[in-house]
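# Secondary and tertiary structure notes
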Amino acid sequence: MPVVPAFFAVLVIQPALARGPCGTLQLREERKHSADASGRPDSVGYVDSAIYPIRVHYRRAEDADRAATVVLPAAEMAWEVEVDQMGWLEPTVDADIGGDTDRFDYYLTNEETAGGGWTWGPYRDVYADDDYYSIAAFVALDDRYITDHDMPDFVAHEFNHALQYRIDGAEATSFVWESTAEAMEELVVPDSNLYVIDIADFNDLPFESLLFDGYSDEVTAYNDYSLYEYGGSIAGLYLEQAYGTNDGTTLLQLWLDLAQGGDRTSPDYIDALALAGGDAAPTYEDVYLGLAEWRMFVADDDDGAHYLEAADWPRAARVAREPDLALSGAEAGVSITPVDAPYDLGTSYFDVALDADMTLPLHVMVDGDDASQWGVVAAAWQDGAAARVVKARAEAGAPLEVDLDLTGATQVRIGVANLGAPNLAAGGRHPRRDFTLTLTRTSDVSGEDSGDTSAEDHPDSPAPETKAGCGCATGSDPLGAPLGAPLTGTSLLAVAALTMLRRRNTHPS
Ligand SMILES: [Zn+2]
């Protein structure tokens, strides 16, 4: 029996999980620079595929039939869909570095599987001459607690990790490993919907960064057992559904864009995100701001124009919001700072309580920390139609504002996104950045001076290009539009505040 390395002992067994965990991240963290090829799980026998180079090992003799009739067919299906249909590169051949054949190995085991599975391989570029960092990985699957029904999901998920190892085993951002594998699980096994369970953990913490994961101090400060990066499946599915055809090829391209020949960190996740949106979203800022929009439209908030299955997701999956903003009657102006300011590539959301008068548009202004670029997405839900959505972003230190037509609105939500410093890199620290959100009512959103960003009624459309070519909508002078409606005392104060904000924005320190 192989010795179980001590680092396995640090695997956290998470309580009260609705499904067993994937230990791939933890193993990568503990073993990523280990080229030690020992430590394969113990087995007493195996079964081989007649279709693909796949071998399924089992620890207990009584599992021979299950290996042949449950795991092996799931493994063949995962290979057929992910490799043959989607086009992912075949898993790295392990040859003499741990496997005893040129077959891809699965192990039914109880070794540190904690009710789930994991995928790992020695840190060694097997094909040193190509443009990938190709690690020969293998998969471990819990032989006690994964049900036959759930096995295809676990296999599809872990097999995708093995395909990720083939392309960029050196990739440093954990979020992209799990968010991709969990999304692929859904694309390969669309009827089981196991992925839905974890979405709440991602949408509970929208101000956290896409560069964090459930082991990051910033995330554990809120939830020691967050499955944040697994719920990140909706970041992967967003890429597939907004910019692809929901067939796995957009996520494959994301990984190809992460790849490099050595174990360098560049290109990184942000570089790959910048390419994922194509012409529709030509920068990582545009791609992220699109996600900031999509994750608002979940469960009861689905408007039929975003995720394919979002209406079926549980109410707990709705994106978390800051305390509601009241904007009614004489209180037609308000400024607020968030309780949970966003990290780089994080967003703070606000719901706006509606008053009876919906004729005046809502003017939204963001004054954020000059160290970051900022984005805003504002949505007005409507009965029987897609929500009206306005998005804009601005360079660091520049003013950011949009106007939202409230006609017929049944619900209004605003997201303020920290897009990070210019030329943001995935590595390094990603601190919180504070902002002030100011809302007033305006009399006109269609005038020439309004700076209307006009993404309305087209939730998928990117923010329009400006002369600066940044896709920003730096928008209006808040005092430039005609103010036809009488200003209340509070709104006058708000305008005065806007004037001061504008001054600060015009002359960044
Ligand atoms: Zn995983």
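Anyway, here's the lowdown on the structure attached to this text. Note on numbering: residues in each chain are counted from 1, in written sequence order. Selection of residues for local features in this predicted model requires a pLDDT of at least 70, selection of side-chain atom pairs for listing and counting requires 80 or more, and totals for whole chains, interfaces and linings are taken over all residues.

### Some words on the sheet that holds strand β13 (residues 409–420)
- Taking strand neighbours across the sheet as the criterion, the five strands line up as β6-β8-β13-β10-β11 in an open arrangement whose pairing is mixed. The sheet terminates laterally at β6 (325–326) and β11 (385–394), the two strands that pair on one side only.
- Where β6 and strand β8 (residues 346–353) come together, two bridges link them in parallel fashion. Paired with Ala326 across the strands is Ala353, a residue of β8.
- Residues are scored as being in contact if the C-beta atoms we place from backbone atoms lie within 7 Å. Helix axes are fitted only over the stretch in contact, all axes being lines through C-alpha atoms; the angle between N-to-C directions runs from 0 to 180 degrees. The secondary structure listing takes helices from DSSP runs of H or I that are at least 4 residues long and strands from runs of E that are at least 2 residues long, numbered from the N terminus. Helix α11 (residues 284–294) rests against β8, β10 (373–382), β11 and β13 of the sheet, and its axis sits at about 35 degrees to β10. Should DSSP find at least two bridges between two strands, the strands are regarded as paired.

### Digging into the pairing of β11
- Here β11 lies mainly inside the structure; eight of its ten residues are buried.
- With eight bridges joining them, β10 and β11 adopt antiparallel strand pairing. Bridging from a neighbouring strand, Gln382 pairs with Ala385 of β11.
- As consecutive antiparallel partners, β10 and β11 are separated by two residues, and within that stretch Gly384 has a phi angle of approximately 70 degrees, a positive value. We call a residue exposed when 12 or fewer other C-beta atoms sit within 10 Å of its C-beta, buried when the count reaches 20 or more, and partly exposed for counts in between; the C-beta positions come from the backbone.

### Quick look at the sheet that holds strand β12 (residues 400–404)
- With antiparallel pairing, the four strands of this open sheet are ordered in space as β7-β14-β9-β12. Every interior strand has two partners, whereas the edge strands, β7 (333–336) and β12, have only one. Across the sheet, the mean angle from the axis of one strand to that of its neighbour is 15 degrees, orientation sign disregarded.
- Pairing geometry for β7 and strand β14 (residues 435–441), over four bridges, is antiparallel. Bridged to Gly333 within β14 is Thr440.

### Some thoughts on unusual backbone geometry
- At the junction of Ser266 and Pro267, the peptide bond is cis and its omega measures out at 5 degrees in the coordinates.
- Its location among the elements puts Pro267 in the loop between α9 (249–258) and α10 (269–276).
- For Asn423, which is not glycine, the phi dihedral falls at a positive 60 degrees.
- Assignment of secondary structure puts Asn423 in the loop between β13 and β14.

### Notes on the pairing of β14
- The buried fraction of β14 is high, at six of seven residues.
- In this sheet, β14 lies alongside strand β9 (residues 362–368) in antiparallel orientation, the contact comprising seven bridges. Of the residues in β14, the one forming a bridge with Met365 is Thr438.

### Quick notes on the nonpolar core
- The term nonpolar core means buried Ala, Val, Leu, Ile, Met, Phe, Trp, Tyr and Cys residues held together as one set by C-beta atoms within 7 Å. In terms of nonpolar packing, the biggest core is built from 136 residues, with Val56, Val71, Ala75, Tyr288 and Val376 touching the most fellow members.
- With nine residues, helix α3 (residues 151–168) is the largest single contributor of residues to this core.
- Those residues in contact with Tyr288 that lie beyond four places of it in its chain are Leu273, Leu345, Ala417 and Leu419.

### So, α9
- Among the residues of α9, those classed as buried are Thr250, Leu251, Leu252, Leu254, Trp255 and Leu258.
- In this fold, the buried residues of α9 make contact with α3, α4 (174–188), α8 (233–243) and α10.

### Concerning the environment of Glu186
- Mapped onto the elements of the fold, Glu186 is located in helix α4.
- For the pair formed by Glu186 and Ala156, sequence separation is 30 residues and the distance between their alpha carbons is 8.6 Å.
- With residues up to four places along the chain from it excluded, the contact list for Glu186 reads Tyr195, Ser233 and Leu237.

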